[in-house]
Amino acid sequence: SDLIEREKEVLILLAWGYSNKEIAGNLGLSTKTVETYRVRINEKLGLRSRTEIVRFALRQGWLSEATTRDRISKL
């Protein structure tokens, strides 16, 4: 995919069910910045819903147990 690393991080956290506000707090961003990343992710990947975000992340293998531990340890 054409995602930059920060977009990938936001996508994974969205797929895990975090809210924009939670993601912003965890990554040290504003909520508006997270919303902007979400729009860019949806545009780049042609996704229209959180369900499609989850499906995409699953297909990429980004929601595996090891990835989850790694992501949570960074929060």
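Conventions we followed
Residues numbered from 1 in each chain as written. Predicted model: local features only at pLDDT ≥ 70, side-chain atom pairs only at ≥ 80, totals over all residues. Heavy atoms only, no water. Salt bridge = Lys/Arg side-chain N within 4 Å of Asp/Glu carboxyl O. Helix = DSSP H or I, 4+ residues; strand = E, 2+ residues; numbered from the N terminus. Buried < 20%, exposed > 50% of the residue type's maximum accessible area, 1.4 Å probe, protein only. Core = buried A, V, L, I, M, F, W, Y, C linked by side-chain atoms within 4.5 Å. Axes fitted to C-alpha atoms, helices over the stretch in contact; angles between N-to-C directions. Parallel < 35°, antiparallel > 145°, perpendicular 65-115°, else oblique. Left-handed = near helix turned anticlockwise from the far one by under 90°. Contact = heavy atoms within 4.5 Å. Nonpolar A, V, L, I, M, F, W, Y, C, P; charged D, E, K, R; others polar.

Here we look at the pattern of salt bridges
Two side chains with opposite charge may pair up if their charged atoms get near one another.
1) Next: Considering all chains together, one arrives at three salt bridges under this definition.
2) Next: Note that Arg 6 is salt-bridged to Glu 9, the shortest N-O span being 3.0 Å. Taken together, the residues Arg 6 and Glu 9, both in helix α1 (residues 5–15) and three residues apart, mark about one turn of the helix.
3) Next: Exposure remark for Glu 9: the relative accessible area of 16% places this residue in the buried category.
4) Next: Between Glu 7 and Lys 44 there is a salt bridge, and its shortest N-O distance comes to 2.8 Å. Pair noted here: Glu 7 is in helix α1 and Lys 44 is in helix α3 (residues 31–45), with a separation of 37 residues, a long-range link.

A few points about the nonpolar core
1) Next: Among the nonpolar cores identified, the biggest contains 19 residues, and Val 10, Leu 11, Ile 23, Ile 53, Ala 57 and Trp 62 are the most heavily contacted of them.
2) Next: Among the elements of the structure, α1, α2 (20–27), α3 and α4 (50–60) are those that each provide at least two residues to this core.
3) Next: Ranked by residue count, the leading element in this core is α1, at six residues.

Looking at α1
1) Next: Counting buried positions along α1 yields eight of eleven residues, so the element is predominantly enclosed.
2) Next: Looking only at α1, the buried set comprises Glu 7, Glu 9, Val 10, Leu 11, Ile 12, Leu 13, Leu 14 and Ala 15.
3) Next: Downstream of α1 by a residue or two, Gly 17 has a phi angle that is positive, lying close to 95°.

Quick word on the packing of α1 against α2
1) Next: Their axes nearest at 10 Å, the elements α1 and α2 cross at an angle of 135°. Classified by the angle between their axes, α1 and α2 sit oblique to one another. Between α1 and α2 the crossing geometry is right-handed. Every residue of α2 that contacts α1 at Arg 6, Glu 9, Val 10, Leu 13 and Leu 14 is listed here: Asn 20, Ile 23 and Leu 27.
2) Next: Per-class residue counts for the contact of α1 with α2 are five nonpolar, one polar and two charged.

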